[in-house]
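# Structure at a glance
So you can see what is in the structure, the chains are spelled out below.
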Amino acid sequence: MAVSSDNAEMAAEWATFDPAWYHARHAAMLDLMDIPPEQAQAFYEAHGAALGHSPNPFFDEDWYRATYPDVAQQVLAGTWRSGFDHYLNAGLDTHDPHWLFDTRTYLAAYPDITPATLAAGGYRNAYDHYLRTGDGEMRSGSCFFDPETYLALLAECQHDTTTHPFADYLRRGMTALPCRSVSLYFDAEWYAQTYPDAHADITQGMWRGALHHYLCNTTPQAFDPGPFFSESFYAMVNPDVLGAIEAGNLRNGYAHFLSDGVHEQRKPCSTLDLAQYMRDPGVQADIAARRARDGLGHYLAARPDLKPLPPPMITEEQARTLFRHMCNARLPLLLNGGIDFTSDAPPALSVIIVAHDQFALTMSTLASLRANYHGSMQVLLVDSGSRDGVAGIEDHVRGIEVLRFAGNIGFVRGCNAALARVRAPATLYLNNDVDLQYGAVARALSRLMADEATGAVGARVIRTHGLLQEAGSLIWRDGSVQGYMRDAHPCVPEAGFVRAVDFCSGVFLMVRTDVLQVLDGFDESFAPAYFEETDLCMRIRTLGYRIMYDPGVCLVHYECGTSDGTSASRLIARNNDLFTRRHGPALRRRLLRHDPLQARARHADDGRHILFIEDRLPLRHLGSGFTRSNDIVTTLAGLGYHVTVFPIFRPIESAATLAAAFPETVEVIHDRELPDLPDFLRARSGCFDAIWIARTQNAARVASILNDAASCIPADHIVVDTEALVACRDMEYDRLHDITPSPPLSERLERELRPLFLAQRVVAVNAAEADLLRAAGFDNVSVLGHVQVPRPTGPGWAARRDILFLGAVHEMRSPNLDSLAWFSSEVLPLLVAQLGADIRFTVCGHTGPRVDLGPLRHNPNVRMLGRVADTAPVYDQHRVFVAPTRYAAGIAYKLHEAAANGLPVVGSPLLCQQAGWRDGQDMLCASVTDPADFARQVVRLYHDQTLWDTVRDNALTRIATEHAPQDYSSRVADIMNAVFTPG
């Protein structure tokens, strides 16, 4: 059959008749009728199309008619000669041509494929793009076909490889490898064994393969795709799905599961709890990063049930042996290559190392020091009576100063002897059995010199077997000491934030040299070693300085690598007694030794401890109130509170990403979630002075937990921050959609506010919601809005163009998604008509993994940026910000942020009312039920420079006067003062 003239531009393989393939596919019939290949097309047009034959391997006629019964009826009526004829002339934009290609799946998987890119590339539709380009780029048009799996299968079976896997599979692979799996989502081998009748039909050529049979058979509920999915189980536990199947809206349960059920974490079979599997943040992170399509795909790729048990953890003694072995193995390289500390510049740092023998360990430490810091430093090595290579170490290390003693004078006296020669403003005491981690020295030096109140800086110290030696150290009232988080994993949240501590180990202790000189270094009463750094840090603090623990200063320590255990224990006991006698008055102010109080004792200052509970760890890019929560956490930390952030839902982002999102002094609990909260509160009994709960729904979630833990928590010092009242948002939604409220607002509000019995202080985001709370009987309400810093330095009106929306979309019922859908479908076409076809609507911000933005992506006038690290350039490029919010509660952060960035806003009356801004002065208000009115206001602001300047300047003034950081900090301080004030 020839391609119609209307489709002549598509004369590609998929749109034309393939005589060679057709003759091979129907060889038995054509040979019987003695029809040669050159007459195959004539036969197809005369008879084959009516018989339901496909014209090429890329179009399946039988499947097309079965899938689209209306087309089959039209073919029978003579409207179309075949389904293929219909597809080429009417179905290209609306129908799929083959059971192994799904247009919606393809476009959703590859956001770069839009109508604009298809048109620019001369592609007729997504299938055309897939076959001509996407297939060669290893893209996939169906979860049932993975090109990499297919290529690996070809290699395994020693078949010729291909650059177009999908096309090759349709031409030869399906019949050559009929019962081999080409995707995680269909187990062809299992299928052939489980359904022998189907296998027999495949063997006899009735089906081209197991996958063909599964996707095209007429009783789809009778077959499972693999041992990981059960049609009968799924239908039994999901009656809604069974109803949709019986109504003809779904092919089978697996079709629903792949499109929706897997994302809703429904169980695919009785033995696989997908919701439990998805609790693993690593799994969630892989899916968010598109390393896996969904939870089932991740499970099938990982198959944790088939993985062997992990090997037993290496013991510390084994690790020490390996550490020493590596130092010995490294020694010849260091002797040959040399280590050079020479420099003509004044030293920024003096390093004191005491060594008694241990040549290999000492050389390894010096190499680590040189590699770790490239600045000028003075290295003072005290040879404390060594009898090995240390006695001639200057022959191998250039630029060091060696103080040599005939006998072993010990660490304390050795350090004090070296202190007399120190020339740099900072002195680092460093053990000779360490391996410094990246940037440790520079980080410590920066921390020490950044604040004149910092007297010393210590490190996160890891032992050779990978567990912590200390993350700062504690001193208890009885004079005993404790390395905080000893034996924990180095990346636990408790070890991951900066704080002032009692003391840090002399393994790595960087001190201001002038402070050391005032104190004459270590007290030699503690010679030869142990408790000398504890005593020194106590004396440094007596001078008014702080000892800072910085987790970014990190090293591996061969603990007790330079002394024997017996002598060490004896010295520790003696010097502990000495320390206790020396510092008795100061010790009486310390806490009694009690494990649950470690989280309080880890701080050496007197700041109050706040537990902050939120849905998710409040990252700024998440929007939707999380930015405001981040501001509150930051402000509390700035006020001197010790803040611990605990999420209801475990985060999927890396610990490093999360730590960078908050002030460095904030403890971020990134490895726990709501089910872990009871144990967390019990383990920290008496540690918190107040609890701040963000959002009413979280108050509801934790109410019973806090009741049960009442004896462990500050029950009289709880803040519930409503953030935005859900009942108000839902009422706006009902009003927008003409839904009669049921129940009414008062009842909804009463139900939402029920958990607020917890609160000694209730916080509202604006005055209107505060009034609602007071009307509901709460007389303890404070108002806390947003904080912004105006940035009036961006370009002016003439240097800008286009329209911007910046906000997060977390779910399909998000108010922001509703805004975008309404604006892009109803308002944007009007703007294109009035502002020109080249006008662009830019959408920027975080999008949840289950949100379908396909309609926006496929609009040629929409530019999708997604999440960007720096939004300032985005604001500076655009002329108008639109906020067509049709239902919401609280105050839209995006309104204040856009204004603070010098971008005037056209928004809904709802936002104008919530913010208390003036229409025509601070922003332009436009109807969100009248697209023409909204478009008119956008065009007005877009074209009128005088109006643009007026609105911009007024909004910047309001931001500066109403949302200044210092005022915001005062409001937060007032809330906390009210919490801690009795009565």
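In short, a report on the structure. (Residues numbered from 1 in each chain as written. Predicted model: local features only at pLDDT ≥ 70, side-chain atom pairs only at ≥ 80, totals over all residues. Heavy atoms only, no water.)

Let us look at the packing of helix α42 (residues 931–943) against helix α43 (residues 945–962). Remark: α42 packs on α43, axes separated minimally by 5 Å, with the N-to-C direction vectors making an angle of 95°. Accordingly, the angle class assigned to the pair α42 and α43 is roughly perpendicular. Contact with α42, carried on its side by R940, L941 and H943, involves Q945, L947, W948 and V951 of α43 and no other residues of that element. Of the residues in the contact of α42 with α43, the class split is four nonpolar, two polar and one charged. (Axes fitted to C-alpha atoms, helices over the stretch in contact; angles between N-to-C directions. Helix = DSSP H or I, 4+ residues; strand = E, 2+ residues; numbered from the N terminus. Parallel < 35°, antiparallel > 145°, perpendicular 65-115°, else oblique. Contact = heavy atoms within 4.5 Å. Nonpolar A, V, L, I, M, F, W, Y, C, P; charged D, E, K, R; others polar.)

Quick look at the pairing of strand β6 (residues 426–430) now. Counting buried positions along β6 gives five out of five residues, so the element sits mostly inside the fold. As paired elements, strand β2 (residues 349–355) and β6 share three bridges and run parallel to each other. By the bridge assignment, S350 is partnered in β6 with T427. Relative to strand β13 (residues 508–512), β6 runs antiparallel, the two sharing five bridges. Within β13, the position partnered with T427 by the bridge is V511. (Buried < 20%, exposed > 50% of the residue type's maximum accessible area, 1.4 Å probe, protein only. Pairing = 2+ DSSP bridges.)

A separate point is the packing of aromatic side chains. The tally for this structure, following the rule as stated, stands at 51 aromatic pairs. Taking 6.2 Å as the distance between ring centres and 70° as the angle between the ring planes, the aromatic pair formed by W14 and Y127 counts as edge-to-face. You can see W14 sitting in the segment before α1 (19–25) and its partner Y127 sitting in helix α9 (residues 126–132), a full 113 residues away along the chain. On the basis of relative accessibility, which here comes to 3%, the residue W14 falls in the buried class. Over the ring of F497 we find R499; its NZ or CZ atom is 5.2 Å from the centre of that ring. One Lys or Arg, R879, reaches over the ring of W797 and ends 4.1 Å from the middle of that ring. (Phe/Tyr/Trp six-rings, centres within 6.5 Å; stacked < 30°, edge-to-face > 60°. Lys NZ or Arg CZ within 6 Å of the ring centre and 35° of its normal.)

Another point: the nonpolar core. Residues L100, F144 and Y254 are the most contacted members of the largest nonpolar core, which totals 84 residues. Setting aside chain neighbours within four positions, we find Y254 in contact with F144, Y185, Y214, P225, F228, F229, E231 and L296. Formed by 49 residues, the second largest nonpolar core is a distinct cluster that contains I462, L509, M538 and I547. (Core = buried A, V, L, I, M, F, W, Y, C linked by side-chain atoms within 4.5 Å.)

Turning to the pattern of salt bridges, a few remarks are in order. Following the criterion strictly, the structure yields 64 salt bridges and no others. A salt bridge links R672 to E494; the shortest N-O distance between them is 3.0 Å. Taken as a pair, R672 in the loop between β17 (667–668) and α32 (677–683) and E494 in the loop between β11 (481–483) and β12 (499–501) lie far apart in primary sequence, 178 residues in all. Across the pair, exposure class does not vary: R672 and E494 are buried alike. In this structure, E750 and R754 form a salt bridge, with 2.7 Å as the shortest nitrogen-oxygen distance. A residue is classified by how much of its surface remains accessible, and E750, at 43% relative accessible area, is partly exposed. Residue classification places R754 among the partly exposed positions, given a relative accessible area of 49%. Where salt bridges share partners, they join E316, R320, R463, R486, D487 and E559 into one cluster. (Salt bridge = Lys/Arg side-chain N within 4 Å of Asp/Glu carboxyl O.)

In this section: the side chain of R952. Topologically, R952 is positioned in helix α43. Apart from the residues lying within four places of it in its own chain, the contact partners of R952 are P792, G794, P795, R800, G902 and P904.

A surface patch of nonpolar side chains, about 420 Å² in accessible area, is lined by M29, L32, M33 and L51. With respect to the secondary-structure elements, L32 resides in helix α2 (residues 27–32). (Patch = residues over 30% accessible without salt bridge, like charges linked within 9 Å, V, L, I, M, F, W, Y side chains within 5 Å. Areas by Shrake-Rupley, 256 points an atom, 1.4 Å probe, with all protein chains shown as cover.)

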